Amino acid sequence: ACAPNALYWLGESCYVTGNYPLAAEELRALVPRFLARDKTPGGMLKLGLSQLGMKENTAGRATLQAVVKQYPGTDAARTAQQRLSPKS
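Residues numbered from 1 in each chain as written. Predicted model: local features only at pLDDT ≥ 70, side-chain atom pairs only at ≥ 80, totals over all residues. Heavy atoms only, no water.

Undergrad: Whenever I open this one, the packing of helix H3 (residues 40-53) against helix H5 (residues 75-84) confuses me. Can you help?
TA: Helix packing geometry: the angle between the two helix axes and the distance between the axes. At a minimum axis distance of 9 Å, the contact between H3 and H5 shows a crossing angle of 20°. One finds that H3 runs roughly parallel with respect to H5. The chirality of how H3 crosses H5 is left-handed. The segment H3 lies against H5, with Pro41, Gly42, Leu45, Leu49 and Leu52 engaging Ala76, Thr79, Ala80 and Arg83. Considered class by class, the residues forming the contact of H3 with H5 number six nonpolar, two polar and one charged. (Axes fitted to C-alpha atoms, helices over the stretch in contact; angles between N-to-C directions. Helix = DSSP H or I, 4+ residues; strand = E, 2+ residues; numbered from the N terminus. Parallel < 35°, antiparallel > 145°, perpendicular 65-115°, else oblique. Left-handed = near helix turned anticlockwise from the far one by under 90°. Contact = heavy atoms within 4.5 Å. Nonpolar A, V, L, I, M, F, W, Y, C, P; charged D, E, K, R; others polar.)

Undergrad: Looking at this structure, how should I read unusual backbone geometry?
TA: Note: most residues except glycine have negative phi, and most peptide bonds are trans. You will see that Lys55, though not glycine, has its phi angle at about 65°, which is positive. Summarising the element assignment, Lys55 is placed in the loop between H3 and helix H4 (57-70).

Undergrad: Explain the environment of Gly60 here, please?
TA: With respect to the helices and strands, Gly60 occurs in helix H4. Judged by its relative accessible area of 0%, Gly60 falls in the buried class. For the pair Gly60 and Leu84, spaced 24 residues apart in the sequence, the C-alpha separation amounts to 9.6 Å. Sequence-distant contacts of Gly60, that is, excluding residues within four places in its chain, are made with Gly48, Gln51 and Leu52. (Buried < 20%, exposed > 50% of the residue type's maximum accessible area, 1.4 Å probe, protein only.)

Undergrad: Could you clarify how one ought to interpret the packing of H4 against H5 in this entry?
TA: For the pair H4 and H5, interaxial distance at closest approach is 8 Å and the crossing angle is 140°. In terms of orientation, H4 lies oblique with respect to H5. For the crossing formed where H4 meets H5, the hand is left-handed. For the pair H4 and H5, contact is made by Arg61, Leu64, Gln65, Val67 and Val68 and by Ala76, Ala77, Ala80, Gln81, Arg83 and Leu84, respectively. Its residues placed into classes, the contact of H4 with H5 shows seven nonpolar, two polar and two charged.

Undergrad: Mind showing me how you'd approach the side chain of Ser50 here?
TA: With respect to the secondary-structure elements, Ser50 resides in helix H3. Filtering out sequence-adjacent residues up to four positions away, Ser50 remains in contact with Tyr15, Tyr20, Ala23, Ala24 and Leu27.

Undergrad: Just checking my understanding: could you explain the packing of aromatic side chains for this structure?
TA: In this description, a pair of aromatic rings is defined by centroid distance and the angle of the planes. Tallied over the full model, the rule gives two aromatic pairs. When the centroid spacing of 4.9 Å and the interplanar angle of 90° are considered together, the rings of Tyr8 and Trp9 count as edge-to-face. Where Tyr15 meets Tyr20, the ring centres are 5.6 Å apart and the plane angle is 55°; that geometry is what we call tilted. (Phe/Tyr/Trp six-rings, centres within 6.5 Å; stacked < 30°, edge-to-face > 60°.)

Structure below.
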């Protein structure tokens, strides 16, 4: 149970400090290994946001769309949907 949390928080800390490439690397390690874990929706969200931060817009949008589709009703899905919505 420690590994998913450690990977998530490492990725989160890299994201918060603007190190999007390292955040994406850590979060990519989290998602396929722990698909059933509670950190996966947030990890995927931060991966998508990190991809957008690196100007990988197509990949970032695809990741955010996957969060919305795979984890409906979660906070991560709501945040992903907000980021996908065109600015009004």
